Amino acid sequence: MAEKASESVHDEVRTAIAAGAYQQALELLADAYVDTVYRYCCRMLRGDTGRARDVTQQVYEEACKGIVGFRGASSAKTWLLAIARNQCLKELVVHERHSDLLHMHRADLARRVHAEPSWGSEADVLSQDGLRRLQWALDQLEPEERSFLIMRFGVGVPNELSVEEIATILGLSRASAYRKLKEALARLRRIVHDDAT
Amino acid sequence: MMMRHEDEDYGEETRDLLEGLRRLAGGLETPPELRPCILARAQELLPRNRSRASRWWSMLVSWRPHPLVWGPVVAVACFAAGMLFSPTQLGTGRDSAIRATQETAHKRHTAAAPPSLTKEEAPPQPAALPLAPQDAAWPRPETRIAAGRSAAVRPPSASSPLPVEVTAVLPAALYERLVQEAQRRHQDPSTLLHEAVETYLRGTKPGE
C-alpha cells in the first residue's frame, strides 16, 4: 500500500516536472516526504532537532536546484533521501571537525551515568527508558551504519525504504546492501546488550 | 506494524529492536513551520520558465520507461520518414543515377541507329569495319577507327541503299601515296578507296 502511494507520488512529480510545473512538483515532494526527510535528518544528527530542521531545508534547496535534471530513473523518495544522506554526512563531518571531542565524551558519560537503571532484558527496549537507550545506542554507530538503519526502519512506516532502494542510493547490489544492514543491526544489538549488562 | 520483505530475515532477537526504531521515528514531530519555509525558499530557487525544447525533451524522457508507447510511435515515424525521403523519390541515390545513365545511353543509341533496322535485317557482325564512300544526305555518325586496329561497329544491312560514312585515321605516308595515286589517275581519293574496298571484298570469300 505504501509502495503504491510512493509510486503514485513519483508519477505525479514526474508529470509535473515534465509539464514544467516545478513549484507543484516541489509541493508534492514536500507534502509526501518532509516528515520522512526530517526524521532521517534528526536521527542522523543524533536527535538535534534544530540542525535537523536546517538540514531538511538544505535538502529541499538542493532538490530545487536539481529538479530540472530529475529524470525519474529512481523514485522521487530515493532521490530525496539520497540528497538527505549526503547533506547529513556533510553536516556531521563539519560538526565533528568543529566540536570539542572531549565535551562530547563528557556528555555521553553523563548521559550514561545519570540514566535510569539498565535493561534487565530485551523486552524493555520498548519502554520509555529503553527507547532512550536505543536512541543513544543508535548514536554510537558510525554514520554510514546509522544511515542504513534509519533509512530502513527509522523514517516512519509508510515511507520506509526497501533494501533495493537503499542499494540504489548507495550504489550497491541488493545483496551487499542487505548484508551491511544486517551487520549494522547486529552492531546496534551488541551496543544495546553491552550497555544493558 | 512490522513491515517485512519476504526474503528479509533479521532474526527474532531483533524484533524488539526494529519495533523500537520504528517507535523512535513515530515519536518525532516535524515542526509545522518547516513546510511553509521550504515552499517559500523554493519559490526563490525554482526556475521560472522553461524553453519549449526542454519541455519536449522532458516529455520524451518520461516516455522512455514505456516502450509500448514509444515503440509504435518511433516505428511509424521511421516509416513515414522512409517514404518521404527515400533516395528513389528524390532522384539522388546511386540507383537512380545509374538508371539515368542507362536511359541516356539508350536514347543516344536509339538516335544513332538507322530507323529501318530490324532484327531480321541485322547482318552478322564483321570483325573489321570496311571503308565506305560518303553521302552528304545521310546524317554522319561520328565513328573514328584507329589505323591498324579493328573495331566492332554495327553497320546497316548490306541491302540497305543508305551509304555510311567512315572516317579513318591513316598514317601520313599511306595518305600521301593515296593522294599521289589519285592525282596520277585524276580521280578523287575516296573513289580510289571505294575501288580498293570493292576489290578487297571480291577477293575475299565470305566467311574468311
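If you're wondering where the values come from, they're calculated on a predicted model, not measured in any experiment.

Calculation rules
Residues numbered from 1 in each chain as written. Chains lettered and ligands numbered in written order. Predicted model: local features only at pLDDT ≥ 70, side-chain atom pairs only at ≥ 80, totals over all residues. Heavy atoms only, no water. Helix = DSSP H or I, 4+ residues; strand = E, 2+ residues; numbered from the N terminus. Expected span 1.5 Å × (residues − 1). Buried < 20%, exposed > 50% of the residue type's maximum accessible area, 1.4 Å probe, protein only. Polar contact = N/O pair within 3.5 Å; in protein donor to acceptor, adjacent residues only side chain to side chain. pLDDT = per-residue confidence, 0-100. Salt bridge = Lys/Arg side-chain N within 4 Å of Asp/Glu carboxyl O.

This part is about helix α3 (residues 49–66) of chain A. Residue and element names in this part refer to chain A. Over its 18 residues, α3 extends 25 Å from the first C-alpha to the last, a length consistent with the 26 Å expected when each residue adds 1.5 Å. Buried within α3 we find Arg51, Ala52, Val55, Thr56, Gln57, Val59, Tyr60, Glu61, Ala63 and Cys64. Two or three places before glycine 50, at the opening of α3, aspartate 48 has a side-chain oxygen 3.3 Å from that residue's backbone nitrogen.

A few words now on unusual backbone geometry. A positive phi angle, close to 55°, is found at arginine 46 of chain A, a residue other than glycine. Along the chain, the position of arginine 46 of chain A falls in the loop between α2 (22–44) and α3. With a phi close to 60°, histidine 186 of chain B is a non-glycine residue in the positive phi region. Mapped onto the elements of the fold, histidine 186 of chain B is located in the loop between α7 (172–185) and α8 (189–203).

Here the focus is the confidence of the model for chain B. The predicted model of chain B has a mean per-residue pLDDT of 72, with 60% of residues at 70 or higher. Across the interfaces of the predicted complex, the ipTM metric reaches 0.78, alongside a pTM of 0.55.

The subject of this paragraph is the pattern of salt bridges. By the definition in use, this model includes 20 salt bridges over all chains. Here aspartate 31 of chain A makes a salt bridge to arginine 35 of chain B, at a shortest N to O gap of 2.4 Å. With aspartate 31 of chain A in helix α2 and arginine 35 of chain B in helix α2 (residues 34–45), this pair bridges two chains. On the accessibility criterion, arginine 35 of chain B (30% relative accessible area) is partly exposed. In this structure, arginine 85 of chain A and glutamate 144 of chain A form a salt bridge, with 2.8 Å as the shortest nitrogen-oxygen distance. Highlighted residues: arginine 85 of chain A in helix α4 (residues 76–98) and glutamate 144 of chain A in helix α7 (residues 143–153), separated in sequence by 59 residues.

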